[in-house]
Each structure stands twice: as structure tokens, then as C-alpha cells.
Amino acid sequence: MKKTWGGRFKKPTDPRVEAFTESISFDYRLGFFDIQGSEAHVRTLMDAKLLSSNEGKKLLLGLSKVRRLFEKGKLPLDKGLEDIHTAVEKALTNLVGSLGGKLHTGRSRNDQVATDLRLYLRHATRKMTEAGLHLIEVLSKLALRKKDIIMPGYTHLQRAMPVTLGHHLAAYAFMFTRDMDRFLAAWDRADSLPLGSGALAGTNHPFNRLKTAKYLRLKGVLENSLDAVSDRDVFVDFLAASSITQMHLSRLSEDLILWATSEFNFLTIDDAFATGSSLMPQKKNPDVVELIRGKSGRVFANLIGLLTVLKGLPLSYNRDLQEDKHFIFDSADTVTSSLQIMAAFLDHVKFNEDHMGSVAEIDFALLATDMADILVQQGVPFRTAHEIVGEAVQYCAENEKRLRDLSDLELQKFSDKFPAGTGKLLSTRNSVDQKKAIGGTSPDNVVKQLKILKGLVQKIKKRLPKN
Ligand code: ARG
């Protein structure tokens with residue numbers, strides 16, 4: 001196939017080189033955005049009087065036909081075409097004849113691909129954030145329903161203090177709001193136009209780039225052409241935000257996997273969201289959440305991958321940059337689908353609330369800190385109270401008793417500061433209800449948190465970019 005740059009070459013490209021250097025097998029995904037960018041470029045050429053209005057109209061009509069071909073999957077994507085940019089231009093030229101040759105005036109594939117990728121990023125950011133918002137809504141709804149459910153809270157995966165299940169779920173909802181904020185902030189920084197930068201130095205033509213940016217609904221223009229064609233930092237931002245989101249999803253998955261074990265038995269996975277074993281008939285496995293956890297590997301790798309591609313590149317454009325797409329597409333696809341399936345999984349999970357509650361109840365020392373706080377209220381310094389209750393815990397461990405079941409008489413052995421009826425004051429319900437200060441686990445507090453979450457969700461919704 002004749003190359004767009006064939007003029008200075010005496011020989012055709014070796015087919016092995018063609019196969020090795022092509023990107024059309026993966027950058028065809030930019031087709032829609034390439035056409036969008038080309039339409040804006042036609043308008044810029046018309047404004048600059050490099051196309052008559054008649055020519056411009058013909059090209060725009062041609063591009064709309066190319067778009068239809070692309071949407072129907074009928075755009076020829078021959079490997080000899082190298083990349084999607086050439087494929088779009090070739091298809092246009094086939095439709096409008098030699099006039100198609102005017103489209104690339106003052107444009108290089110270098111500023112073109114940088115523009116296409118940003119338009120793609122706007123689309124991916126919106127999809128990602130919508131999926132994230134849905135997950136936050138699912139978590140928030142669940143948290144509200146489970147605000148009174150008591151379970152043991154853990155540190156070091158050892159039982160620590162009672163918490164409410166609503167509090168635990170809302171914790172993740174807050175994490176995901178920060179993640180969505182990161183995607184939007186990344187887009188905010190990316191919301192600028194590379195087109196008009198040419199191959200590297202800018203253009204000889206009187207392009208009004210601010211107007212081009214408006215045609216594409218981008219906030220501004222990149223002010224330096226070398227920067228515009230060579231950096232991919234805004235995609236590193238996107239991949240970093242993707243990695244942090246997948247890390248959060250992975251931690252949530254880990255909680256769910258643990259909770260689904262017979263050892264914890266805190267939840268039952270819906271049959272439609274579990275998988276079986278080809279050998280062991282009894283098995284019901286949490287593959288969905290295991291895969292979310294496992295996919296962190298590729299999402300983190302994509303971040304490191306792009307950083308590695310970028311780190312040694314001299315200015316400005318280098319073909320190495322073609323490798324950016326795998327990372328960007330893969331993380332966008334993986335994180336979006338992980339957010340979506342996590343929301344569906346949680347929507348169907350059944351929490352074994354009675355069991356969670358009874359584990360918190362039977363634990364012999366889950367209320368140890370509450371007991372120390374009772375002494376603190378009697379004026380005992382916390383360090384002393386800690387020591388006293390520590391001894392009581394030791395006694396309970398040896399005598400197979402729960403702290404709260406100790407009689408006043410028994411407690412006097414450890415301190416005369418224990419008020420009468422200390423054991424009765426200790427309950428998991430009291431424990432969670434007392435956590436009233438901002439951020440605490442009390443049900444009232446969970447309700448307050450959910451109100452705040454609602455506000456955060458509204459703010460994120462307002463910032464969603466329009467495609
Ligand atoms: N497929 C190329 C990429 O993705 C398009 C830009 C090619 N530019 C060039 N000077 N060869 O980066």
C-alpha cells in the first residue's frame with residue numbers, strides 16, 4: 001500500500017517492518033475521536049482560508065460518512081494503513097477525491113494522536129467516574145441499611161473494637177469519592193488542545209487554536225508545541241488514579257473474600273456471582289472479587305509501563321510513544337469493568353448479620369478499651385487504666401470469662417476505681433453508640449457520613465466531562 005510519506009523512499013516498506021510498526025490493530029479505538037478532531041481541523045482550515053467554504057463542507061460531509069462507516073465496522077483497517085489516522089484520511093479521500101489531500105494541511109500525526117488521546121481520555125474519564133459513582137451509591141445505600149449492625153472491627157486482622165457494618169461500608173465509599181476526584185482532577189489538567197502544534201515546531205498557517213479548542217469543547221490550548229506532541233504526563237495521572245482505585249477495589253475484595261470463608265462466615269455470595277470447582281462438588285468460590293484483586297497487577301503494571309516508556313525520551317515526538325495506548329486502554333477497560341462488577345456483586349451479597357453480631361458478643365475482650373474508658377471517667381490516667389484492664393484481660397483469659405461478666409467483687413481485685421455495675425455498662429451497643437465524635441462508628445454518625453457522601457457525589461456529578 002502506498003504510504004502517506006512514500007515520496008522520499010526508493011523501496012517499499014519490508015512487510016516485516018510494516019507488521020512490526022503498525023498500530024491500527026489497537027489504535028482503531030481512537031477512530032471516533034480522530035474523526036472528531038479532523039472535523040475541528042477542517043473548520044480551522046476554513047477559518048484560515050486554506051479551504052473554501054465549499055471545500056470545507058465537502059470534507060465535513062465526507063467525514064460524517066467516514067464516521068458512519070466506522071460505526072458500522074466498515075472502515076477498512078488494513079495493516080498497511082499503519083494507523084487509524086491514515087485509515088480515516090484514506091477513507092475520506094476515497095469518498096471526496098483529491099480534495100481529501102487538503103485535510104492534513106498544517107497537521108502532523110504527532111499533534112493529531114495527542115489530540116485523539118485526550119478526546120478519548122475525556123470519554124474514558126466520564127465512563128470511569130459514572131461507574132465509580134454507581135458503586136459509591138450502592139455502598140451508601142447498603143451502609144444506611146446496615147448502620148445498626150454490629151460486628152467486630154479489626155486491626156492486624158485481630159479483633160479490636162465493635163464497629164457497625166454501615167461504618168465499614170461507608171469507609172470504602174469515602175475512598176472511592178477521592179478516587180473519582182482524582183480522575184476528574186487528572187482530566188482537568190488534560191483539558192487542553194495539542195492540535196495546531198504540527199510535528200513539533202508549530203505551524204506556518206494562521207490557525208486560531210483557541211477557536212479549534214472551542215470546536216472540540218476543550219478548555220484551553222497547550223502553549224508549547226514541543227510539550228504538546230511529546231508529553232504524556234496527563235495519562236500518567238490517569239493511570240495513577242486508576243491504580244489507586246484498583247488498589248481500593250482490591251482491598252474491598254480482600255475483605256469480601258475473607259468474610260466469605262467458613263472461618264469468618266460474615267457473608268454469603270449470591271449464587272449468580274460465585275463460581276464452582278470442576279473437581280470439588282461442594283465448592284462455591286469468590287472468583288469475581290479474586291479477579292478484581294488480581295487485576296491490580298496489570299493496572300499497576302500499566303502505570304509503571306507508561307512511566308518506563310517516557311523516562312528516557314528526548315524531545316519531542318518519538319515512535320516509542322505509540323506504546324502508550326496499550327496501557328491507557330487496558331487500565332480504562334479494567335478499572336471501569338471492575339467498578340461495575342463490584343457494584344453488582346455487592347448489590348447481591350447477603351451479610352450474615354446475626355453471626356457478625358454474635359462473634360462481637362462472645363468475644364471475651366472486645367470491650368477492653370471501653371472498660372479502660374470507664375476508669376478514665378473516674379479520673380484514672382489512661383496509661384494506668386490500660387494496665388489495670390490488661391490485668392483483668394489476663395485474668396479472663398485464664399478463667400475463660402468475658403470482661404463484661406466480671407462481678408464488682410472480682411473487679412475490685414484490679415482497682416477500687418471501678419464504679420458499681422461496670423460489667424453492666426459494657427455492651428457492644430453502648431460501645432458503638434458512644435463513638436459520637438466526628439468520624440466515629442455510631443449509627444447516628446454513619447447517617448451523618450452518608451449525608452456528607454451524598455454531597456460529595458453531587459459535586460462529582462457536576463464535574464463530569466461531557467463527551
Ligand atoms: N501511530 C502513531 C502513534 O501512535 C501515530 C503518530 C505517528 N507519527 C510519526 N511521526 N510516525 O504515536
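Throughout what follows, the structure given in this document is the object of discussion. A quick note: this is a predicted structure, and the numbers were derived from the prediction, not measured. (Residues numbered from 1 in each chain as written. Predicted model: local features only at pLDDT ≥ 70, side-chain atom pairs only at ≥ 80, totals over all residues. Heavy atoms only, no water.)

**Brief notes about the packing of helix H6 (residues 109-145) against helix H19 (residues 443-463)**
Interaxial distance between H6 and H19 falls to 10 Å at its minimum, and their mutual angle equals 165°. With respect to H19, the element H6 is oriented roughly antiparallel. You can see that H6 and H19 cross each other, and the crossing is left-handed. Along the contact surface, H6 presents Thr129, Leu133, Ile136, Glu137, Ser140, Ala143 and Leu144, while H19 presents Val446, Val447, Leu450, Leu453, Val457, Ile460 and Lys461. Among the residues making up the contact of H6 with H19, the classes are represented as 10 nonpolar, two polar and two charged. (Axes fitted to C-alpha atoms, helices over the stretch in contact; angles between N-to-C directions. Helix = DSSP H or I, 4+ residues; strand = E, 2+ residues; numbered from the N terminus. Parallel < 35°, antiparallel > 145°, perpendicular 65-115°, else oblique. Left-handed = near helix turned anticlockwise from the far one by under 90°. Contact = heavy atoms within 4.5 Å. Nonpolar A, V, L, I, M, F, W, Y, C, P; charged D, E, K, R; others polar.)

**Looking at the pairing of strand E1 (residues 150-155)**
Here E1 pairs with strand E2 (residues 158-164) via six bridges, running antiparallel. Within E2, the residue paired with Thr155 across the bridge is Gln158. Between the antiparallel neighbours E1 and E2 lie two residues, among them His156 with a positive phi of about 55°. (Pairing = 2+ DSSP bridges.)

**Description of a positive patch on the surface**
A cluster of basic side chains, namely Lys65, Arg68, Lys72 and Lys74, defines a positive patch on the protein surface. Relative to the elements of secondary structure, Lys74 occurs in the loop between helix H4 (53-71) and helix H5 (84-96). For Lys74, a relative accessible area of 56% translates into the label exposed. (Patch = residues over 30% accessible without salt bridge, like charges linked within 9 Å, V, L, I, M, F, W, Y side chains within 5 Å. Areas by Shrake-Rupley, 256 points an atom, 1.4 Å probe, with all protein chains shown as cover. Salt bridge = Lys/Arg side-chain N within 4 Å of Asp/Glu carboxyl O. Lys, Arg positive; Asp, Glu negative; His and termini not counted. Charge placed at Lys NZ, Arg CZ, Asp CG, Glu CD. Buried < 20%, exposed > 50% of the residue type's maximum accessible area, 1.4 Å probe, protein only.)

**Quick word on the site of the ligand**
Every residue close to the ligand is listed here: Ser23, Asp27, Asp83, His85, Arg109, Asn110, Val113, Tyr317, Arg319, Gln322 and Lys325. At 3.0 Å, a side-chain N or O of Asn110 approaches a nitrogen atom of the ligand. Gln322 has a polar side-chain atom sitting 2.8 Å from a nitrogen atom of the ligand. Protein chains bury 87% of the 340 Å² of accessible surface belonging to the ligand in isolation. (Near = heavy atom within 4 Å. Polar contact = N/O pair within 3.5 Å; in protein donor to acceptor, adjacent residues only side chain to side chain.)

**Overview of H5**
Here H5 is 13 residues long and its end C-alpha atoms lie 18 Å apart, about the 18 Å a rise of 1.5 Å per residue gives. Residues of H5 that are buried include every one of Ile84, His85, Thr86, Ala87, Val88, Glu89, Ala91 and Leu92, and no others. Its buried side turned inward, H5 meets helix H2 (24-27), helix H3 (31-47), H4 and H6. At the C-terminal side of H5, Gly97 shows a positive phi close to 80°. (Expected span 1.5 Å × (residues − 1).)

**Some details on a nonpolar patch on the surface**
On the surface, Leu200, Leu226 and Leu315 cluster together into a nonpolar patch covering about 270 Å² of accessible area. The exposure class of Leu226 is partly exposed, given its relative accessible area of 32%.

**Let's talk about helix H13 (residues 353-362)**
The complete set of buried residues in H13 reads Met356, Gly357, Val359 and Ala360. Viewed end-on, H13 has its buried residues packed into an arc of 160°, placing them on one side of the element. Residues Asp354 and Ile362 are exposed on H13 and point more than 90 degrees away from its buried face. Looking at the buried positions of H13, the neighbouring elements they touch are E1, E2, helix H7 (165-190), helix H10 (233-259), strand E6 (350-351) and helix H18 (428-433). (Arc of directions from axis to C-beta.)

Fair warning: the whole summary comes from geometry, so function is off the table for now.
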